[in-house]
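Descriptive structure summary
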Amino acid sequence: MKKELYRASFILALIVMFVSVSPVAMAGTVGNPTATVAKGSFLVGAEIDFWERDMENGVVDEVDGTKILVKGTYGISDKIDVFGKIGLAEVEDTDMEFAFGFGGKVNVYERGKIKAGVVAQFLF
């Protein structure tokens, strides 16, 4: 049990270090990073995201935005999910415009009740 806890702690520490230094981590909502949809199942949900970022374009500006998306997730296996998103998004002082995205989740570690996963997603 101690060995499993040390492994899980090490993996969690690596993920936290990567996320804290990676600008990609600011890309958007991730939710649960592990695959959660059973093989062959389909799940539909909604996401609403109000965000604020400090962006550098010669000067530091604060930028606000909103995303409203419908998300469909399909379980390829019990360890792999793929998903697609479609909806509307806006960035400060612009109109809501069409947005879409896709991605996947993979469980990379499972031992007892401890799970770790990796998420890749793109939103346009």
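Residues numbered from 1 in each chain as written. Predicted model: local features only at pLDDT ≥ 70, side-chain atom pairs only at ≥ 80, totals over all residues. Heavy atoms only, no water.

**Points about the environment of glutamate 47**
For clarity, the threshold we go by: Per the convention used, a helix needs a DSSP run of H or I reaching at least four residues, while a strand needs a run of E reaching at least two, with both numbered from the N terminus. Type-normalised accessible area, obtained with a 1.4 Å probe on protein chains alone, sets the label of each residue: buried when under 20%, exposed when over 50%, and partly exposed for intermediate values. Each polar contact in these results corresponds to two N or O atoms within 3.5 Å; when the atoms are within protein, one needs to be able to donate a hydrogen and the other to accept it, and residues that are neighboring in sequence are counted only if both atoms are side-chain atoms.
Secondary-structure assignment places glutamate 47 in strand E1 (residues 42-56). Judged by relative accessible area, glutamate 47 falls into the buried class, the value being 17%. As for glutamate 47 and leucine 69, which are separated by 22 residues in sequence, their C-alpha atoms are 5.1 Å apart. Within the local environment of glutamate 47, its side chain forms a polar contact with the side chain of lysine 85, the two groups lying 3.2 Å apart.

**Some details on the packing of aromatic side chains**
Applied cut-off: Working definition: rings of Phe, Tyr and Trp (its six-membered ring) pair if their centres are within 6.5 Å, and the pair is stacked with planes under 30 degrees apart, edge-to-face with planes over 60 apart, and tilted otherwise. Each ring is checked for a lysine NZ or an arginine CZ that lies within 6 Å of its centre and within 35 degrees of its normal; such an atom marks a charge sitting over the ring.
Enumeration over the complete set of coordinates arrives at four aromatic pairs. Aromatic rings pair up to connect Phe98, Phe100, Phe102, Phe122 and Phe124 into one cluster. The ring of phenylalanine 83 is capped by lysine 71, whose NZ or CZ atom sits 4.3 Å from the centre of that ring.

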